[in-house]
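Observations on the three-dimensional arrangement
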Amino acid sequence: MTDPTVRAILDVIGRGSRFLLVSHLRPDGDAVGSVLGLGLSLEAAGKSVAMVLEDGVPVNFRQLTGADRIDGRSEGPFDAVFVLDCSDLMRAGAALDEYHQPHINIDHHPTNDGFAAINMVIESACSTTEMIYDVLRAGDIPIPPEAAEALLTGLVTDTIGFQTPNISAKAIRTAADLMELGPDLSRLYRTALIEKSFEAYRYWGAGLMSLRRENGLVWASLTLDDRRQAGYGGRDDADLVNQLSAIKGSMVRIIFIELSDSEVKVSWRSQPGYDVSGVAGSFGGGGHRTAAGATVAGALEDVRRRVVEATRELMGAAGELAESPIR
Ligand code: 5GP
Ligand code: MN
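Residues numbered from 1 in each chain as written. Chains lettered and ligands numbered in written order. Predicted model: local features only at pLDDT ≥ 70, side-chain atom pairs only at ≥ 80, totals over all residues. Heavy atoms only, no water.

Turning to the sheet that holds strand β7 (residues 217–222), a few remarks are in order. Backbone-to-backbone hydrogen bonds join strands into a sheet, with any given pair of strands oriented parallel or antiparallel. Pairing in this open sheet of six strands is mixed, and the strands run β6-β7-β8-β9-β11-β10 from one edge to the other. Both outer strands of the open sheet, β6 (212–214) and β10 (286–287), are each paired with one neighbouring strand and no more. Strand direction decides the pairing type here: strand β9 (residues 263–270) and strand β11 (residues 291–297), joined by seven bridges, are antiparallel. What sits directly across from Lys-265, in β11, is Thr-295. (Pairing = 2+ DSSP bridges. Helix = DSSP H or I, 4+ residues; strand = E, 2+ residues; numbered from the N terminus.)

Quick look at the structure:
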């Protein structure tokens with residue numbers, strides 16, 4: 001028996017012919033994979049789609065078939081608007097300005113605020129693309145190989161190669177099903193997760209030089225100057241935060257990226273038992289229990305002090321940092 005929410009989504013798909021698909025600002029593999037995976041499948045089913053990411057497609061995902069079809073803006077009207085992998089409407093940016101209440105919200109963030117008419121939010125899903133796969137299957141909607149590749153990309157990147165603590169047998173089964181539809185997992189894994197530019201490695205070097213530790217809390221900063229000196233073109237951390245997860249004994253990791261002299265992007269990653277979504281929320285962001293982020297107003301040093309302080313308190317509450325001296 002099909003879940004009523006899935007049935008409601010399939011009903012909207014069945015009745016409409018032209019759809020808008022959007023995801024969040026600063027898109028990751030799951031954002032790109034969700035928009036492309038659902039978009040290309042709906043097209044294969046004879047629908048017309050507009051796929052929109054306001055910030056465009058990051059370089060690691062530009063080789064995906066159909067990535068060049070993703071626009072920064074949309075031209076309506078549409079029969080329905082899908083917001084994918086996006087916990088709130090602010091995260092979707094201007095792509096959605098004219099749609100005060102989008103029709104369909106498919107997401108796996110626990111901080112999702114249920115902004116749409118139909119909300120499919122499943123916290124235990126490893127990626128939004130895993131949920132989209134279930135919707136397509138339930139509706140017998142064909143998944144062409146290029147859509148399968150996009151959906152698998154979301155699953156591979158959100159689980160950092162099937163290694164995050166939330167990894168489930170169901171996610172692996174979904175990945176296996178998607179592989180059978182055509183994508184080359186080995187190649188996709190390498191382009192989406194492993195390959196980095198020379199400049200990104202130099203940028204990592206600068207960030208690693210700034211590494212600090214206080215008991216189980218580890219943090220690093222990436223400044224505008226680091227970016228300039230390394231010649232790194234992005235405004236992100238080049239995934240350095242995921243490297244910090246390998247540091248033995250680290251319970252919570254934080255990366256600070258200086259966006260300007262008055263704005264800092266903060267990323268948290270944690271071991272199970274340390275829920276960082278709340279502390280990200282208290283700085284105006286959100287995310288998952290073990291991976292969250294926020295963009296915080298203030299100068300780097302000031303934001304770093306406030307965020308480290310708040311995270312230290314959270315860890316204290318979680319039982320860490322009790323007696324040990326600061327190193
Ligand atoms: P990252 O640190 O890689 O940017 O994001 C980690 C997780 O937190 C992702 O699931 C992302 O969607 C979420 N996240 C990052 N920044 C924000 C933000 O500003 N607002 C909300 N609501 N979620 C965020
Ligand atoms: Mn996701």
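Moving on, we come to unusual backbone geometry. In the segment running from Gly-76 into Pro-77, the intervening peptide bond is cis, with an omega of -5 degrees. Here Pro-77 lies in the loop between β2 (48–52) and β3 (80–84). Positive phi, close to 60 degrees, is recorded for Asp-85, a residue that is not glycine. Considering the arrangement of structural elements, one finds Asp-85 in the loop between β3 and β4 (104–107).

So, about the nonpolar core. Counting residues in hydrophobic clusters, the biggest one holds 50 residues, and the most contacted among them are Ile-9, Leu-36 and Phe-82. If one sorts the elements of this core by residue count, helix α4 (residues 145–158) sits on top with seven residues. Apart from the residues within four sequence positions on either side, Leu-36 is in contact with Met-51, Leu-64, Thr-65, Gly-66, Ala-67, Ile-70 and Ala-150. Ranked by size, the runner-up nonpolar core spans 21 residues in total, among them Trp-219, Trp-268, Phe-283 and Val-307. (Core = buried A, V, L, I, M, F, W, Y, C linked by side-chain atoms within 4.5 Å. Buried < 20%, exposed > 50% of the residue type's maximum accessible area, 1.4 Å probe, protein only. Contact = heavy atoms within 4.5 Å.)

Our next topic: the site of ligand 1. Within the structure, ligand 1 sits among 15 residues, and Arg-91, His-109, Lys-265, Ser-267 and Arg-269 are positioned closest to it. Within the side chain of Arg-269, one N or O atom sits 2.7 Å away from an oxygen atom of ligand 1. Take Ala-292: an N or O atom from its main chain is 3.5 Å from an oxygen atom of ligand 1. Alone, ligand 1 offers 490 Å² of accessible surface; in the complex the protein occludes 82% of this. Mapped by element, the contributors of at least two residues to the shell around ligand 1 are β9, β10 and β11. Split by residue class, the shell around ligand 1 holds three nonpolar, eight polar and four charged. (Near = heavy atom within 4 Å. Polar contact = N/O pair within 3.5 Å; in protein donor to acceptor, adjacent residues only side chain to side chain. Areas by Shrake-Rupley, 256 points an atom, 1.4 Å probe, with all protein chains shown as cover. Nonpolar A, V, L, I, M, F, W, Y, C, P; charged D, E, K, R; others polar.)

What follows deals with the environment of Pro-272. For Pro-272, the location among the structural elements is in the loop between β9 and α10 (277–282). In sequence terms Pro-272 and Thr-290 are 18 residues apart; their C-alpha atoms lie 6.4 Å from each other.

Its 18 residues place the ends of helix α11 (residues 300–317) 26 Å apart at the C-alpha level, agreeing with the 26 Å of an ideal helix rising 1.5 Å per residue. What α11 keeps buried is the set Leu-300, Val-303, Val-307, Val-308, Thr-311 and Met-315. Seen from one end, α11 has its buried residues packed into an arc of 120 degrees, which puts them on one side. Summarising the geometry of α11, the exposed residues directed more than 90 degrees from the buried face are Glu-301, Arg-305, Glu-313 and Ala-317. In this fold, the buried residues of α11 make contact with β7, β8 (252–260), β9, α10 and β11. (Expected span 1.5 Å × (residues − 1). Arc of directions from axis to C-beta.)

Our focus in this paragraph is the pattern of salt bridges. When charged atoms on two side chains of opposite charge get close, those side chains can pair. In total, this model carries 14 salt bridges according to the counting rule given. Put simply, Arg-306 and Asp-302 hold a salt bridge, and the shortest N to O gap is 3.1 Å. One end of the pair is Arg-306 and the other is Asp-302, both in helix α11 and four residues apart, which spans about a single turn. A relative accessible area of 32% means that Arg-306 is categorised as partly exposed. (Salt bridge = Lys/Arg side-chain N within 4 Å of Asp/Glu carboxyl O.)

Let us now look at the coordination of the manganese ion (ligand 2). Perfect tetrahedral coordination of a metal by four donors corresponds to 109.5 degrees between them, and perfect octahedral coordination by six donors corresponds to 90 or 180 degrees. For the manganese ion (ligand 2), the full set of protein donor atoms is Asp-30 (OD), Asp-85 (OD), His-108 (NE2) and Asp-158 (OD), at a range of 2.2 to 2.4 Å. Mapping the donors of the manganese ion (ligand 2) onto the primary sequence gives the spacing D-x54-D-x22-H-x49-D. One end of the pair, Asp-85, is in the loop between β3 and β4; the other, His-108, is in the loop between β4 and β5 (118–121), and 23 residues separate them in sequence. Like His-108, Asp-85 is buried. (Donors = N, O, S within 2.8 Å, 3.2 Å for Na, K, Ca; no water.)

Here the focus is the sheet that holds β5. Strands sit in the order β2-β1-β3-β4-β5 across an open sheet of five strands; the sheet is parallel. On the outer flanks of this sheet lie β2 and β5, each paired with one strand and no other. Strand-to-strand, the axes of this sheet are offset by a mean angle of 15 degrees, without reference to chain direction. Sheet analysis places strand β1 (residues 18–22) next to β3, joined by four bridges and oriented parallel. Within β3, the residue paired with Phe-19 across the bridge is Ala-80. (Axes fitted to C-alpha atoms, helices over the stretch in contact; angles between N-to-C directions.)

Inspection of the entire model under this criterion finds four aromatic pairs. Ring centres 4.9 Å apart and planes at 50 degrees place the aromatic pair Tyr-201 and Trp-204 in the tilted group. Pair noted here: Tyr-201 and Trp-204 are both in helix α7 (residues 198–209), with a separation of three residues, about one helical turn. Aromatic side chains Tyr-203 and Tyr-232 sit 4.6 Å apart centroid to centroid with 15 degrees between the ring planes, which places their arrangement in the stacked category. Of this pair, Tyr-203 sits in helix α7 while Tyr-232 sits in the loop between α8 (224–230) and α9 (240–244), and the two are 29 residues apart along the sequence. Tyr-232 shares its class with Tyr-203; the two are buried. (Phe/Tyr/Trp six-rings, centres within 6.5 Å; stacked < 30°, edge-to-face > 60°.)

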